[in-house]
Amino acid sequence: MTYHAQFDLTGKVALVTGGAGLLGPEHAAALAHAGAIAVVTDVNGAAAEDVAVRLGKEFGADRVVALPMDVTDSGSIARTRESLLKRFGRVDILVNNAAIDPKVKADSLVETSRFEHFPLEQWDFQIRVGLTGALLCSQAFGGWMAANGGGVILNIASDLSVFAPDQRIYRKDGLPEDRQPVKPVTYSIIKTGLVGLTRYLATYWADKKVRVNALSPGGVYVNQPESFVQKLTNLIPLGRMARRDEYRGTVQFLCSEASSYMTGQNIVVDGGRSVW
Ligand SMILES: NC(=O)c1ccc[n+]([C@@H]2O[C@H](COP(=O)([O-])OP(=O)(O)OC[C@H]3O[C@@H](n4cnc5c(N)ncnc54)[C@H](O)[C@@H]3O)[C@@H](O)[C@H]2O)c1
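Criteria and cut-off values
Residue numbers here run from 1 along each chain, matching the order of that chain's written sequence. Local features in this predicted model are restricted to residues whose pLDDT is 70 or higher, and side-chain atom pairs enter the listing and the counts only when it is 80 or higher, whereas totals over whole chains, interfaces and linings include all residues. Side-chain numbers here rest on the full set of heavy atoms in the structure, without hydrogens or water. Any residue with a non-hydrogen atom lying within 4 Å of a molecule or strand is treated as near it. Think of a polar contact as two N or O atoms within 3.5 Å of one another; within protein, one of them needs to be a possible hydrogen donor and the other a possible acceptor, and neighboring residues in sequence only count if both atoms come from side chains. By convention, a stacked pair of Phe, Tyr or Trp rings (six-membered ring in the case of Trp) has centres within 6.5 Å and planes under 30 degrees apart, an edge-to-face pair has planes over 60 apart, and any other such pair is tilted. Labels follow the DSSP assignment, with helices taken as runs of H or I lasting at least four residues and strands as runs of E lasting at least two, numbered in each case from the N terminus. We call a residue buried when its accessible area falls under 20% of the maximum for its residue type, exposed when it is over 50%, and partly exposed in between, using a 1.4 Å probe and counting protein chains only. Two conditions define a charge located above a ring, namely a distance within 6 Å from the ring centre to NZ of Lys or CZ of Arg, and an angle within 35 degrees of the ring normal. Expected span of a helix: the number of residues minus one, times 1.5 Å. Contact between two residues is taken to exist if any of their heavy atoms lie within 4.5 Å; hydrogens are not considered. Strands were regarded as paired on the criterion that DSSP finds at least two bridges between them. For a crossover, the right-handed case is the one in which the path from the first strand over the helix to the second runs clockwise, viewed with the strands pointing away from the viewer. A fitted line through C-alpha atoms represents every axis, and for helices the fit uses only the stretch in contact; the resulting angles, taken between N-to-C directions, go from 0 to 180 degrees. Definitions used for this entry: grid spacing 1 Å over protein atoms alone; cavity, a set of points where a 1.4 Å probe fits but cannot get out; pocket, an open set with protein on both sides within 12 Å along at least 5 of 7 lines; lining residue, one with an atom within 4 Å of a point. Grid points are joined across faces, edges and corners, and a volume is the space filled by probe spheres set on the points. Polarity classes work like this: nonpolar for Ala, Val, Leu, Ile, Met, Phe, Trp, Tyr, Cys and Pro, charged for Asp, Glu, Lys and Arg, and polar for all others, with Gly in that last group.

Engineer: Report on the site of the ligand, specifying residues and quantitative values.
Structural biologist: Near the ligand you find 25 residues, and of these Leu23, Asp42, Asp70, Asn97 and Tyr187 are the closest. Contacts to the ligand include Val43, whose backbone N or O atom sits 3.3 Å from a nitrogen atom. Taking Tyr187, its side chain carries an N or O atom lying 2.5 Å from an oxygen atom of the ligand.

Right, here's the structure in full:
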């Protein structure tokens, strides 16, 4: 196998959950670029459709498919699986990407994000999307792979799977201590839990040739306030936040034969933040 052939995903069917947000289209583009048929799924079906139309122009309309899918709804997942199997007869790659990423805003989240007041309904909701959703999709699509010769699951975690949020970067001048915004507890729990799911499934399905790894990205720059960016980039050896397209190579690596001897790992791509 030549060097580039190891990354070739031609003929593979690759499904991305939460595919219509910031990073989902990047994962889908990475997979399509490597030759796969990228299936962009999202609870927002119209937004998934828009992504598929946009990526279809780049990679070919027959290479990017959109389907509505709510990762918290096993009926919705089953319908997607049925539709994919009917159309392509296979599913080779699952990227568990859907999550609720609560943005830290002083004006809206301050009452709810602090640990002492964190609402149980937010805990339930965010865990249901970010963690239970990955479980249900792994059961449905990973289960099919395990029964049909193997495949790849990639769980999109976060740098917060390997360290605690540095709440100092979210502080706002002029607010009392008990009203300072923080990154909510759910995010750390969900992302750390995804790494646990990664290890569990990697060993559980190793003999079925389903490889399971996690990718832990650092924060992507999307015009956040300058003061926040300054505080965050001071913590990053490479001195900047990520571009949205900077995870494509790792997605191609982890979803292809290039990583054939790797399973159960959490690959941290964070500009070096976690080693400082
Ligand atoms: N953006 C970053 O800087 C960053 C950094 C580290 C990790 N991550 C992780 O990367 C992943 C993608 O992040 P993003 O920035 O693109 O988030 P995003 O909020 O832009 O997109 C998330 C998508 O998930 C969808 N979604 C929400 N609930 C769903 C459900 N029940 N079923 C199906 N889809 C649902 C949303 O409609 C949205 O399109 C997440 O797991 C996030 O935690 C992002």
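Engineer: How would you explain the packing of aromatic side chains if you had to name every residue and give the values?
Structural biologist: In the structure shown here, the tally under the stated rule is three aromatic pairs. Taking 5.8 Å as the distance between ring centres and 25° as the angle between the ring planes, the aromatic pair formed by Tyr170 and Phe228 counts as stacked. Placement of Tyr170 in the loop between strand E5 (151–156) and helix H6 (185–204) and of Phe228 in helix H7 (residues 226–233) is noted, with a sequence separation of 58 residues between them. A single burial state applies to Tyr170 and to Phe228, both of which are buried. Judged by centre distance (5.8 Å) and plane angle (20°), the rings of Tyr200 and Tyr204 are stacked. Taken together, the residues span about one helical turn, with Tyr200 and Tyr204 both in helix H6 at a distance of four residues. Note on accessibility: Tyr200 and Tyr204 belong to one class, exposed. Just above the ring of Tyr187 sits the side chain of Lys183; from NZ or CZ to the centre is 4.5 Å.

Engineer: Describe in detail H6, supporting the description with residues and values.
Structural biologist: Taking 1.5 Å of rise per residue, 20 residues should cover 28 Å, and H6 covers 28 Å from first to last C-alpha, within 8% of that figure. Within H6, burial applies to Thr186, Tyr187, Ser188, Ile190, Lys191, Leu194, Val195, Leu197, Thr198, Leu201 and Ala202. The secondary structure elements touched by the buried residues of H6 are helix H5 (120–147), E5, strand E6 (210–217) and strand E7 (266–269).

Engineer: Lay out the pairing of strand E2 (residues 37–42) in plain terms, naming residues and giving numbers.
Structural biologist: Summarising burial for E2: six of the six residues are buried, a large majority. Neither face of E2 is left uncovered, since the one carrying Ile37, Val39 and Thr41 and the one carrying Ala38, Val40 and Asp42 both have all their residues buried. As defined by bridge partners, strand E1 (residues 13–16) adjoins E2 across four bridges and the pair is classed as parallel. Note on E2: the bridge partner recorded for Leu15 is Val39. For the crossover from E1 across helix H1 (residues 24–33) to E2, the handedness is right-handed.

Engineer: Describe the sheet that holds E2, listing the residues and the values that go with them.
Structural biologist: Sheet architecture is open: seven strands sit in the order E3-E2-E1-E4-E5-E6-E7, paired in parallel fashion. The sheet is open, and its two borders are formed by strand E3 (64–68) and E7, each paired with just one other strand. Between one strand and the next, the sheet's axes are offset by a mean angle of 20°, whatever the strand orientation. Packed onto the sheet, H1 meets E1, E2, strand E4 (93–96) and E5 and runs at close to 175° relative to E1. Across the sheet, H6 is in contact with E5, E6 and E7; its angle to E5 comes to roughly 165°.

Engineer: Go over the layout of surface pockets, please, and point to the residues and values.
Structural biologist: By volume, the second largest pocket amounts to about 330 Å³. Residue lining of the second largest pocket: 21 residues in total, with Lys12, Gly150, Gly151, Val152 and Glu257 positioned closest to the centre. Within the lining of the second largest pocket, the residues separate by chemical class into seven nonpolar, seven polar and seven charged.

Engineer: Help me get a handle on empty space enclosed by the protein, residues and values and all.
Structural biologist: Considering all chains together, one arrives at one cavity of 30 Å³ or more under this definition. Of the voids in this model, the largest cavity is the one considered here, and its volume is about 50 Å³. Along the wall of the largest cavity there are 13 residues; nearest its centre are Asn96, Asn97, Ala98, Gly130 and Ala134. Elements with a minimum of two residues in the lining of the largest cavity: H5 and H6.

Engineer: Could you give an account of the pairing of E3, naming the residues involved and the relevant values?
Structural biologist: Burial runs high along E3: four of the five residues are buried. Across five bridges, the pairing between E2 and E3 is parallel. Bridged to Val39 within E3 is Val65. Note on the crossover from E2 through helix H2 (residues 45–59) to E3: the handedness is right-handed.

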